[in-house]
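What follows is each chain in one-letter form.
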Amino acid sequence: MSALNRKLLRDLWRLRGQALAMAAVMGGGIATLVMALSAVDSLQETRSAYYEEYRFADLFATARRAPDWVAREIADIPGVVRAEGRIVHDIIIDLPKVAEPVRGHVISRVAGGYTHLNDVAIRRGRDLRPGHPDEVLVNEAFADAHGLDLGDIVHGNINERRRALRIVGIALSPEFVYAIGPGEIIPDDRRFGVLWMSREALEAAYDLKGAFNSITLRLSRDASPEAV
């Protein structure tokens, strides 16, 4: 061994405490990086599975009013696997213990039927039943923020008419992982909520029988969203 190498070993032994500390810091940093990358991969896989299971749409479009046959024509566009029309409106929600009105987003849902796109995961309670136009599902974050539970009554201003709405289910949706109100940049679960209501009830409320004002599309894997 050369004299230079022997000197290097003596210096390293003399500074062994600092060397061990540096090695521990580097090891901790590498371990943190590996854990962070593993967490990101796990979250991405969970998100993909969630979107796939509840059929999160690839494209969204809105109109003032479009007849249902337009949705069928849109479904025939090359690259479109599924097109589903719905009714979506912003409303005002009155809550008993809240001084100022709360903004809401009401979305139509086929009561007792099957939602092909943007389905909901019901955490508590049940789904909407046909023939019960005042039943609603409420997104979980909004319900938790206001202490709402199954059977509670909230009042919504739907097309300038105040209606009593009974909560029958607390739900989650891939469309509203972060429920952000119009004009907001961060979620505020106390001031913005999402409600799902029967399609028949919203058709009657907004005079949209046989029509829709929002459409969601699921595309094939090789489809171009811009082209569609």
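The coordinates are above.
Note on numbering: residues in each chain are counted from 1, in written sequence order. In keeping with the predicted nature of the model, local features appear solely for residues at pLDDT of at least 70, side-chain atom pairs appear and are counted solely at 80 or more, and the whole-chain, interface and lining totals rest on all residues. The side-chain figures draw on all heavy atoms in the structure; neither hydrogens nor water molecules are used.

Q: So what exactly am I meant to see when it comes to the pairing of strand S3 (residues 88–94) here?
A: Strand residues, when the strand is regular, have side chains that alternate between the two faces of the sheet. As paired elements, S3 and strand S4 (residues 102–109) share 6 bridges and run antiparallel to each other. Its bridge partner lying in S4, Val 88 is registered against Ile 107. Taken together, the 3 bridges between S3 and strand S7 (residues 153–158) define a ladder with antiparallel strand orientation. Counted as the bridge partner of Ile 92 is Asn 157 from S7. Paired strands, in this sense, are two strands between which DSSP finds at least two bridges. By definition, any uninterrupted DSSP run of H or I lasting at least four residues is a helix, any uninterrupted run of E lasting at least two residues is a strand, and each is numbered from the N terminus.

Q: Would you mind showing me how to read the environment of Ser 108 here?
A: Along the chain, Ser 108 falls in strand S4. Accessibility expressed as a relative area gives 9% for Ser 108, which makes it buried. Expressed as a C-alpha distance, the spacing of Ser 108 and Asp 58, which sit 50 residues apart in the sequence, is 19 Å. Ignoring any residue separated from it by four or fewer positions in sequence, one finds Ser 108 in contact with Arg 86, Ile 87, Met 197, Arg 199 and Leu 202. In protein, a polar contact means a hydrogen-donor-capable atom and an acceptor-capable atom, both N or O and within 3.5 Å, with residues adjacent in sequence counting only if both atoms are side-chain atoms; elsewhere, any N or O pair within 3.5 Å suffices. One polar contact links the side chain of Ser 108 to the main-chain amide nitrogen of Ile 87, over a distance of 2.9 Å. The cut-offs for exposure are 20% and 50% of the maximum accessible area for each residue type, with area from a 1.4 Å probe on protein chains only; residues under the lower value are buried, those over the upper are exposed, and the others partly exposed. The contact definition used throughout considers only heavy atoms, calling two residues in contact when any of these lie within 4.5 Å.

Q: Looking at this structure, how should I read the pattern of salt bridges?
A: Pairing of side chains with opposite charge becomes possible as their charged atoms draw close. Salt-bridge detection follows one rule: a side-chain nitrogen of Lys or Arg within 4 Å of a carboxyl oxygen of Asp or Glu. Considering all chains together, one arrives at 18 salt bridges under this definition. The closest approach of N and O atoms between Arg 126 and Glu 135, which form a salt bridge, is 2.7 Å. The partly exposed category is assigned to Arg 126, whose relative accessible area is 28%. The class of Glu 135 is buried, set by a relative accessible area of 2%. Linking Glu 203 and Arg 199 is a salt bridge whose minimum nitrogen-to-oxygen distance equals 3.2 Å. Taken together, the positions of Glu 203 and Arg 199, both in helix H5 (residues 199–206) and 4 residues apart, correspond to about one turn of that helix. Taken together, the salt bridges that share partners define one network made up of Arg 55, Arg 109, Asp 119 and Asp 127.

Q: Got a minute to help me understand helix H1 (residues 3–14) in this structure?
A: Three- or four-residue spacings in an α-helix give side chains the same orientation, since the helix completes a turn every 3.6 residues. Taking 1.5 Å of rise per residue, the 12 residues of H1 would be expected to cover 16 Å, and the 16 Å separating its terminal C-alpha atoms lies within 8% of that figure. Judged by how many residues are buried, H1 sits mostly at the surface: 0 of 12 residues are covered. In this scheme, a helix's expected span is set at 1.5 Å multiplied by one less than its residue total.

Q: Explain the packing of aromatic side chains here, please?
A: The geometry of an aromatic ring pair comes down to the distance between the two centres and the angle between the two planes. Ring geometry is summarised as follows: Phe, Tyr and Trp rings, the Trp one being its six-membered ring, pair when their centres sit within 6.5 Å, and such pairs are stacked at plane angles under 30 degrees, edge-to-face over 60 and tilted between the two. Scanning the model with the defined rule gives 5 aromatic pairs in all. Judged by centre distance (6.4 Å) and plane angle (75°), the rings of Phe 176 and Trp 196 are edge-to-face. Here Trp 196 lies in strand S9 (residues 192–198) and Phe 176 lies in the loop between strand S8 (161–172) and S9, a separation of 20 residues in the sequence. Accessibility classification places Phe 176 together with Trp 196 in one group, the buried group. Among the aromatic residues, ring-to-ring pairing joins Tyr 50, Tyr 51, Tyr 54, Phe 56 and Phe 60 into one connected group.

Q: What is the right way to read the nonpolar core from this model?
A: Nonpolar side chains tend to gather and get buried jointly when the protein is soluble and globular. We define a nonpolar core as any set of buried Ala, Val, Leu, Ile, Met, Phe, Trp, Tyr and Cys residues linked to one another through side-chain atoms lying within 4.5 Å. Ranked by size, the top nonpolar core spans 24 residues in total, and within it Ile 93 and Met 197 carry the most contacts. Counting residues per element, this core draws most heavily on H5, which supplies 4 residues. Formed by 13 residues, the second largest nonpolar core is a distinct cluster that contains Ile 107, Val 120, Val 168 and Phe 176.

Q: Could you clarify how one ought to interpret the sheet that holds strand S1 (residues 59–67) in this entry?
A: To summarise the sheet geometry, strands pair through backbone hydrogen bonds and adopt either a parallel or an antiparallel arrangement. Reading across the sheet, the 3 strands line up as S1-S10-S2 and stay open at both edges, with antiparallel pairing between neighbours. At either margin of the open sheet sits one strand with a lone partner, and together these are S1 and strand S2 (80–86). In this sheet, neighbouring strand axes are inclined to one another by 25° on average, regardless of whether the strands run parallel or antiparallel. By the bridge criterion, 6 bridges tie S1 to strand S10 (residues 211–219) in an arrangement that is antiparallel. Looking across to S10, one finds that Pro 67 is bridged to Ala 211. To get an axis, a line is fitted to the C-alpha atoms, and for a helix only the part in contact is used. The angle between two axes follows their N-to-C directions and goes from 0 to 180 degrees.

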